[in-house]
Amino acid sequence: KQEVTQIPAALSVPEGENLVLNCSFTDSAIYNLQWFRQDPGKGLTSLLLIQSSQREQTSGRLNASLDKSSGRSTLYIAASQPGDSATYLCAVQGSGGYQKVTFGTGTKLQVIP
Amino acid sequence: DGGITQSPKYLFRKEGQNVTLSCEQNLNHDAMYWYRQDPGQGLRLIYYSQIVNDFQKGDIAEGYSVSREKKESFPLTVTSAQKNPTAFYLCASSASPLQGRNSPLHFGNGTRLTVT
């Protein structure tokens, strides 16, 4: 059974700092890994999707990497801003079709002005 | 703009009543999903549908029912048999394998259900 872990559960940083969020998974047989952002009381917003054959994806100040062999992904946020404050979740799609998506419990990020 | 609409945003019901949560998408996605989110837990899959008139149970389907009569719509009914229905419910969609296998999940803004 796939298990996805995100540590730390919460993180507080000063504005302007570069930061890394971590995601680890137990089963390396994945099709893709997706990073989401969730604001309080809202749904999930897709940030980046990394296919199993890729090593990284970039969008603006965000860069996500994937190391399948070690079961790890990182989300790098450059020059953090107060507007980046949210909960960040990773989700892994494994074998078995579209239903087999396992979510982590997220890292709650606070960027202090 | 294309997206997923969930309604209502907040829903209050008395224990013992069935309640239906709406989910509509205009992304032309074949696959739709219902997740439940509880504090401190990852999202858990309730039901999913990969095509019209077909749906499958997820990890926590007991006490829930769905229908998929139209491609755009995937309503979720929370029945009185669900023992702990108070939660945040999220609907999602994605393209099917024929439309592109590595298609990201798109989510609605959720419905917060409170049962007292």
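What this report covers is the structure whose coordinates are included nearby. Just so you know, these numbers come straight off a predicted model, no measurement behind them. (Residues numbered from 1 in each chain as written. Chains lettered and ligands numbered in written order. Predicted model: local features only at pLDDT ≥ 70, side-chain atom pairs only at ≥ 80, totals over all residues. Heavy atoms only, no water.)

This part takes up the interface of chain B and chain A. In this complex, chain B contributes 26 residues to the contact, which on the side of chain A involves 21 residues. Between chain B and chain A, roughly 1,900 Å² of surface is buried when both sides are summed, and carbon and sulfur atoms account for 54% of that area. Where chain B meets chain A, there are zero salt bridges. Across the contact surface, chain B and chain A share three residue pairs in polar contact (both at pLDDT 80 or more). Of all the secondary-structure elements, those providing two or more residues to the side of chain B that touches chain A are strand E4 (31–37), strand E5 (44–51) and strand E9 (87–94) of chain B. Residues that form the side of chain B that touches chain A fall into these classes: twelve nonpolar, twelve polar and two charged. (Contact = heavy atoms within 4.5 Å. Buried area = accessible area lost by both parts, 1.4 Å probe. Salt bridge = Lys/Arg side-chain N within 4 Å of Asp/Glu carboxyl O. Polar contact = N/O pair within 3.5 Å; in protein donor to acceptor, adjacent residues only side chain to side chain. Helix = DSSP H or I, 4+ residues; strand = E, 2+ residues; numbered from the N terminus. Nonpolar A, V, L, I, M, F, W, Y, C, P; charged D, E, K, R; others polar.)

Residue and element names in this part refer to chain A. If you walk across this open sheet you meet the five strands as E1-E3-E8-E7-E6, and the pairing is antiparallel. At either margin of the open sheet sits one strand with a lone partner, and together these are strand E1 (4–5) and strand E6 (56–59). The pairing of strand E3 (residues 19–25) with strand E8 (residues 72–77) spans six bridges and is classified as antiparallel. Bridging across to E8, Ser24 finds its partner in Arg72. (Pairing = 2+ DSSP bridges.)

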